[in-house]
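This is what each chain is made of:
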Amino acid sequence: MREIIFDTETTGFDPRSGDRLVEIGCVELVDRRETGVTFHAYFNPERDMPAAAEAVHGLSIQFLSDKPLFASRVDELIEFLGDAPLVAHNAAFDFGFVNAEFARAGRPALDMARMCCTVQMARKLHPGAKHSLDALCTRYGIDRSHRVKHGALLDAELLAHLYIEMTGGRQIGLGLAASAASAAAPSAVVASVVSRGTDRPFREPRPHMASAAELARHAEFVAGLKQPLWLDAV
């Protein structure tokens, strides 16, 4: 099963008011495991960068001025996404910006049925708790010490770890493995016993009760002890 975890950085909160996408980071998972395959790009937003947005992600218009336009890499992005489910934190926000850019580039919008939102997942798993990426990373023990500012690829990588933990984590598959092991165990034990029994001579079971001679020798030994502790206790 192939899934794409992604995150975006933007100039603001609403693409309908002219805000633009400036960065996207995507991480590929196959069977809930990172493959190491990613897609990452910065884009020239063709507008100014509000100070409040720059304070969040650190991307200045000077830095972005020589970056490609979204339309120049849209087909590469579409090819990378393929038809995989798309996982994002507060996914409606990211889908809204990506689809706004797709519309500008004359491409069809992403199907919202492909959307998986980890905020919604967190609300079901941990009602009443904080559901920010930072708070959830802390809850699941995911190291985010290197996250000084928001970054699309960095946040997508953190979200990939979080998503794996929220959907079973390292426990995925262990139940099946345990069942398979337990199913195989009886035949393995029988085979081991059979193999040991065929190459060794048969021996009568050894008696474990002391014989009369052994009891007599023990009594003689005890009688020769000087001031045994159990006599002092009496």
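Right above here is the structure, for reference.
Quick summary incoming for the structure in this document. All of these numbers come straight from a predicted model, not from anything done at the bench. (Residues numbered from 1 in each chain as written. Predicted model: local features only at pLDDT ≥ 70, side-chain atom pairs only at ≥ 80, totals over all residues. Heavy atoms only, no water.)

1. As for the nonpolar core
Phase 1 of the analysis: Ranked by size, the top nonpolar core spans 25 residues in total, and within it I4, F6, I24, C26, L77 and L81 carry the most contacts.
Phase 2 of the analysis: Elements with a contribution of two residues or more to this core: β1 (2-10), β2 (21-30), β3 (33-42), α3 (74-81), β4 (86-88) and α4 (91-104).
Phase 3 of the analysis: Core analysis: the next-biggest nonpolar cluster, separate from the first, contains 20 residues, V87, L133, L136 and Y163 among them. (Core = buried A, V, L, I, M, F, W, Y, C linked by side-chain atoms within 4.5 Å. Buried < 20%, exposed > 50% of the residue type's maximum accessible area, 1.4 Å probe, protein only. Helix = DSSP H or I, 4+ residues; strand = E, 2+ residues; numbered from the N terminus.)

2. Thoughts on the pairing of β3
Two faces belong to every sheet, and in a regular strand the side chains alternate between them.
Phase 1 of the analysis: Across seven bridges, the pairing between β2 and β3 is antiparallel. By the bridge assignment, E23 is partnered in β3 with Y42.
Phase 2 of the analysis: Where β2 folds back onto β3 in an antiparallel hairpin, the turn is made up of two residues, including D31, whose phi is positive at roughly 55°. (Pairing = 2+ DSSP bridges.)

3. Quick look at the packing of aromatic side chains
Phase 1 of the analysis: A complete count under the given rule lists six aromatic pairs for this structure.
Phase 2 of the analysis: Taking 5.9 Å as the distance between ring centres and 50° as the angle between the ring planes, the aromatic pair formed by F70 and F102 counts as tilted. Highlighted residues: F70 in the loop between α2 (61-64) and α3 and F102 in helix α4, separated in sequence by 32 residues. Considered together, F70 and F102 belong to a single accessibility category, that of buried residues. (Phe/Tyr/Trp six-rings, centres within 6.5 Å; stacked < 30°, edge-to-face > 60°.)

4. Some points on the side chain of D7
Phase 1 of the analysis: Within the secondary structure, D7 is located in strand β1.
Phase 2 of the analysis: The class for D7 is buried, based on a relative accessible area of 12%.
Phase 3 of the analysis: Setting aside its immediate chain neighbours within four residues, D7 contacts E23, I24, G25, D94, G151, A152, D155 and A156. (Contact = heavy atoms within 4.5 Å.)

5. Focus: helix α5 (residues 118-125)
Phase 1 of the analysis: Considered for burial, the residues of α5 that qualify are T118, V119, M121 and A122. Considered in projection along α5, the buried side chains sweep an arc of 160° and stay on one side of the axis. Across α5 from its buried face, at more than 90 degrees, point the exposed residues R123 and K124.
Phase 2 of the analysis: Looking at the packing, one finds that the buried side of α5 touches β4, β5 (115-117), α6 (133-139) and α7 (152-166). (Arc of directions from axis to C-beta.)

6. Points about the sheet that holds β5
Phase 1 of the analysis: A sheet is described by the order of its strands in space; here five strands give the open sequence β3-β2-β1-β4-β5, paired in mixed fashion. Looking at which strands have only one partner, the edges of the open sheet turn out to be β3 and β5. Geometrically, the sheet is characterised by an average inter-axis angle of 25° between neighbouring strands, direction not taken into account.
Phase 2 of the analysis: One ladder, built from nine bridges, connects β1 with β2; its direction is antiparallel. (Axes fitted to C-alpha atoms, helices over the stretch in contact; angles between N-to-C directions.)

7. Thoughts on the packing of α5 against α7
Phase 1 of the analysis: Following both chains from N to C, one finds α5 and α7 inclined at 40°, their axes separated by 11 Å at the closest point. The way α5 lies across α7 gives a crossing that is left-handed. Contact with α5, carried on its side by T118, M121, A122 and L125, involves L159, Y163 and M166 of α7 and no other residues of that element.
Phase 2 of the analysis: In the contact of α5 with α7, the residues fall into six nonpolar, one polar and no charged. (Left-handed = near helix turned anticlockwise from the far one by under 90°. Nonpolar A, V, L, I, M, F, W, Y, C, P; charged D, E, K, R; others polar.)

8. Overview of the pairing of β1
Phase 1 of the analysis: Most of β1 sits inside the fold, with eight of its nine residues counted as buried.
Phase 2 of the analysis: Direction of pairing for β1 relative to β4: parallel, over a ladder of two bridges. Bridge pairing in β4 links I5 to V87.

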